[in-house]
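# Commentary on secondary and tertiary structure
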Amino acid sequence: MPELPEVEVIKKSLNHRLKKQFITNVWTSKFRMRSQLTAQDQELVKGKMIEKVSRIGKFLVIQLPDSFLLLHFGMSGRLLIAKNNEEIKKIQSTKHVHFLLGLSSIYIFLHDQRRFGGVRLVRKSEADSIVSLKKILNIGVDPIEDLFRPRDFFKKTARVKRNIKSYLMDGSKIAGVGNIYATESLFRAGVNPETPTNKLSLAAWSRIIGCIQFVLTIAIKQGGSTLRDFTDPTGKRGDFTTNHLVYGKKNFNCVVCNARLDAKLINQRTTVFCKFCQKRN
DNA sequence: CTAAAAGCCTGTACGC
DNA sequence: TGCGTACAGGCTTTTA
Ligand SMILES: [Zn+2]
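Residues numbered from 1 in each chain as written. Chains lettered and ligands numbered in written order. Predicted model: local features only at pLDDT ≥ 70, side-chain atom pairs only at ≥ 80, totals over all residues. Heavy atoms only, no water.

### Let's talk about the protein's contact with DNA strand C
- In the region of DNA strand C, the neighbouring residues are Arg32, Lys95, His96, Gln113, Arg114, Arg115, Phe116, Val160, Arg162, Ser166, Lys173 and Gln268.
- In DNA strand C, atoms within 4 Å of the protein come 68% from sugar and phosphate.
- Here a phosphate oxygen of DNA strand C sits 3.0 Å away from a polar atom, N or O, in the side chain of histidine 96.
- Between DNA strand C and the protein, one listed contact pairs a phosphate oxygen with a side-chain N or O atom of arginine 115 at 2.6 Å.
- Grouping the amino acids of the surface near DNA strand C by side-chain chemistry returns 2 nonpolar, 4 polar and 6 charged. (Near = heavy atom within 4 Å. Polar contact = N/O pair within 3.5 Å; in protein donor to acceptor, adjacent residues only side chain to side chain. Nonpolar A, V, L, I, M, F, W, Y, C, P; charged D, E, K, R; others polar.)

### What about the coordination of the zinc ion?
- Of the protein atoms, only Cys254 (SG), Cys257 (SG), Cys274 (SG) and Cys277 (SG) coordinate the zinc ion, at distances of 2.2 to 2.4 Å.
- What the 4 donor atoms of the zinc ion show is an angle range of 102 to 114° at the metal, which sorts the shape as tetrahedral.
- Sequence spacing of the donor residues for the zinc ion, all on one chain, is C-x2-C-x16-C-x2-C.
- Owing to a relative accessible area of 3%, cysteine 254 belongs among the buried residues under this scheme.
- Residue classification places cysteine 257 among the partly exposed positions, given a relative accessible area of 35%. (Donors = N, O, S within 2.8 Å, 3.2 Å for Na, K, Ca; no water. Tetrahedral: all angles 85-135°; square planar, octahedral: opposite > 155°, others 65-115°. Buried < 20%, exposed > 50% of the residue type's maximum accessible area, 1.4 Å probe, protein only.)

### A few points about the packing of helix H1 (residues 4-18) against helix H8 (residues 202-221)
- Orientation of H1 relative to H8, taken along the N-to-C sense of each, is 40°, at an axis distance of 9 Å. Considering the angle they form, H1 stands oblique to H8. The hand of the H1/H8 crossing is right-handed. Of the residues in H8, those in contact with Leu4, Pro5, Glu8, Val9 and Lys12 of H1 are Leu216, Ala219 and Ile220.
- Classifying every residue of the contact of H1 with H8 gives 6 nonpolar, no polar and 2 charged. (Axes fitted to C-alpha atoms, helices over the stretch in contact; angles between N-to-C directions. Helix = DSSP H or I, 4+ residues; strand = E, 2+ residues; numbered from the N terminus. Parallel < 35°, antiparallel > 145°, perpendicular 65-115°, else oblique. Left-handed = near helix turned anticlockwise from the far one by under 90°. Contact = heavy atoms within 4.5 Å.)

### With respect to the domain arrangement of chain A
- When cut into domains, chain A gives domain 1 (4-136) and domain 2 (150-273).
- At the junction of the two partners, domain 1 supplies 19 residues and domain 2 supplies 18 residues.
- Considering only the surface of domain 1 that becomes buried against domain 2, Pro5, Glu6 and Val9 emerge as the three largest contributors, covering 33% of it.
- On inspection of domain 1 and its partner domain 2, the count reaches 0 salt bridges.
- Counting every contact that joins domain 1 to domain 2 gives 4 residue pairs in polar contact (both at pLDDT 80 or more).
- Put simply, the parts of the chain that give the side of domain 1 that touches domain 2 at least two residues each are H1 and strand S5 (77-82).
- Broken down by element, the side of domain 1 that touches domain 2 gets its largest block of residues, 10 residues, from H1. (Domains from an automatic or database assignment. Buried area = accessible area lost by both parts, 1.4 Å probe. Salt bridge = Lys/Arg side-chain N within 4 Å of Asp/Glu carboxyl O.)

Right, here's the structure in full:
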């Protein structure tokens with residue numbers, strides 16, 4: 001799911017609700033997830049106060065005094081909240097709830113149909129700061145939080161033959177950009193997704209980076225993109241989907257030149273693009 | 001019936 | 001040698 005904007009939307013909604021709340025209750029489902037808390041992790045977390053909620057790449061980070069509680073949403077994950085017994089019962093009776101945190105005056109749930117997401121606890125003995133956590137998770141430059149400079153990437157990729165789309169989607173290089181936002185950004189930058197990074201001009205890098213930042217920022221303002229499952233913690237769907245120009249629009253007409261949009265598998269992921277408008281490398 | 005969907009990890013092969 | 005990358009496959013449920 002959730003690429004950077006969707007996790008950012010969850011983070012913004014959750015931070016003010018969870019800050020200074022104490023963890024009273026932890027529950028995990030019996031289904032296998034990508035990762036899940038151990039019994040020891042669950043004991044360690046109980047009674048702890050949440051300092052703040054932040055984001056690293058596509059991870060939601062619940063910061064505790066002695067550890068970081070990480071939630072990843074995979075392809076179909078959602079975070080749900082409940083404020084009273086009625087709401088709690090309602091969510092617990094639905095299928096696909098795999099993690100629960102009970103807090104002083106709110107409950108949060110990880111709902112994940114396909115279970116590509118997961119939960120992980122990193123103790124401060126392993127990572128004592130957000131910076132070292134980012135290293136452990138092998139997460140690259142954050143497009144909206146960090147310095148994201150064309151010249152740096154132009155230099156870094158001068159000898160890298162890899163295609164630009166798989167580079168953008170590589171979380172160890174650039175944080176949080178997945179299939180939707182890589183596809184949309186490259187269209188808006190006018191760059192063919194198969195262009196080898198060492199063939200990109202500095203000007204092309206400038207457009208790519210500018211478009212990534214623009215698309216992500218607007219997407220956050222619109223509450224993210226809902227394809228099927230995604231909602232914010234209050235159940236609201238993301239409206240950025242209506243601003244998609246190419247993603248999911250194979251065989252539609254290009255909004256710029258009216259030609260038919262092409263689709264191609266790049267990195268095992270469907271990539272829609274305009275072969276006429278995306279030549280500016 | 002098959003294909004595809006927001007992600008990412010693993011194993012193997014290969015080239016610099 | 002060793003690192004980065006390419007590619008296939010796997011994980012899983014649901015919907016078209
Ligand atoms: Zn076009």
